[in-house]
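Architecture at a glance
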Amino acid sequence: QQQVKQSPQSLIVQKGGISIINCAYENTAFDYFPWYQQFPGKGPALLIAIRPDVSEKKEGRFTISFNKSAKQFSLHIMDSQPGDSATYFCAASRGGSNYKLTFGKGTLLTVNP
Amino acid sequence: DGGITQSPKYLFRKEGQNVTLSCEQNLNHDAMYWYRQDPGQGLRLIYYSQIVNDFQKGDIAEGYSVSREKKESFPLTVTSAQKNPTAFYLCASSISTLGYTFGSGTRLTVV
C-alpha cells in the first residue's frame, strides 16, 4: 500500500520557469510533510516542511502548498535554475513517538539552461 | 562538524555472503534509520531504532539485520537471505520528526 503518491516521475523545465511537484497521502493521521532534495550519489537533504495547520509555507524560491481536505500537498520552485536539477521526494509522518517518514517515489527534475 | 558517516561508499558482495554497512552519527540524535533506494522506487524503510538496544522492522526488513548497542552507531547487515541486495543504502538520524539528516549512502553491488 503506497501511502504517499508523488507525481510526476520526471519533469523538464526551462530556466526561469516554475516547477511543480504534487503529492497525495492517504493516512489522515499524518501531521508533518517535508520535502527532500537529492543530488546524484548523495543522501537527501531537507528542503522545506509544513504542518497541516497552515496552507502555505515559503522559503526563498521554494513554496509548499497544502490542501488538508484534499489530502494533497505540492512543491513549487519559482525561477527554476539548472542548479535545482535533482530528485525531489515528498514525505509524511505522524508526530509523537512514531518517527517514521513515509516517502513518495521521487521526481527527477531537469532544468534546462 | 556534526553529521552522519556511512562506510564504505562502494561495496561488492559475492552471492551467499553477508556484508555489514556502517553508519555512525555524532549529532546526539536518538533515532536512526536505514532506507533502501532503488530507481523509481523511492526510499523504502528497512529498520529503525528510537533508542539504544531497541529497533523495529520497517517495510522491507526481510534479509536484513541491525543492532543498536551505542547511540552513535547503527550498522546494517545484508544477509545471504536478501534475494536482491544490489541497491543504494541510506542511513539517517533524527531527534524528532522535524527533519532527518542523511548520510551519503553506500552502493552495494552483488557480483
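The preceding data block contains the structure.
Described in the following lines is the structure provided in the data block. Note that the structure is a prediction, hence the values are computed from the model and not measured. (Residues numbered from 1 in each chain as written. Chains lettered and ligands numbered in written order. Predicted model: local features only at pLDDT ≥ 70, side-chain atom pairs only at ≥ 80, totals over all residues. Heavy atoms only, no water.)

**Here we look at the overall build of chain A**
Scanning chain A for helices and strands turns up zero helices and 11 strands. Counting from the amino terminus, chain A carries its helices and strands in the arrangement β-β-β-β-β-β-β-β-β-β-β. Rg of the C-alpha trace for chain A: 14 Å, near the compact-globule value of 13 Å for 113 residues, within the 12% margin. On the principal axes, the C-alpha backbone points of chain A span a range of 45 × 30 × 20 Å. Looking at chain A residue by residue over its 113 residues, the buried ones come to 42%. Considering only intrachain contacts with a sequence separation of at least 6, the fraction spanning at least 24 residues in chain A is 54%. Of the accessible surface of chain A, which amounts to about 5,500 Å², a share of 49% is contributed by carbon and sulfur atoms. Distance between charge centres in chain A, computed from 12 positive and 7 negative side chains, equals 6 Å. (Helix = DSSP H or I, 4+ residues; strand = E, 2+ residues; numbered from the N terminus. Rg over C-alpha atoms; globule rule 2.2 N^0.38 Å. Buried < 20%, exposed > 50% of the residue type's maximum accessible area, 1.4 Å probe, protein only. Contact = heavy atoms within 4.5 Å. Areas by Shrake-Rupley, 256 points an atom, 1.4 Å probe, with all protein chains shown as cover. Lys, Arg positive; Asp, Glu negative; His and termini not counted. Charge placed at Lys NZ, Arg CZ, Asp CG, Glu CD.)

**A short note on the interface of chain A and chain B**
Counting residues at the interface gives 21 residues for chain A and 23 residues for chain B. Taken together, chain A and chain B are joined by zero salt bridges. Here chain A and chain B share four residue pairs in polar contact (both at pLDDT 80 or more) between them. Its residues assigned to classes, the side of chain A that touches chain B comprises eight nonpolar, eight polar and five charged. (Salt bridge = Lys/Arg side-chain N within 4 Å of Asp/Glu carboxyl O. Polar contact = N/O pair within 3.5 Å; in protein donor to acceptor, adjacent residues only side chain to side chain. Nonpolar A, V, L, I, M, F, W, Y, C, P; charged D, E, K, R; others polar.)

**Side note on the pattern of salt bridges**
For side chains of opposite charge, pairing can occur when their charged atoms come near one another. Residues and elements named next belong to chain B. In total, this model carries six salt bridges over all chains according to the counting rule given. Among the salt bridges present, the one from aspartate 38 reaches arginine 36, with a minimum N-O distance of 2.7 Å. Take aspartate 38 and arginine 36: they sit in the same class, and that class is buried. The shortest N-O distance in the salt bridge between aspartate 38 and arginine 44 comes to 2.8 Å. Arginine 44 sits in the partly exposed class, given a relative accessible area of 27%. A network of salt bridges, in which partner residues are shared, links Arg36, Asp38 and Arg44.

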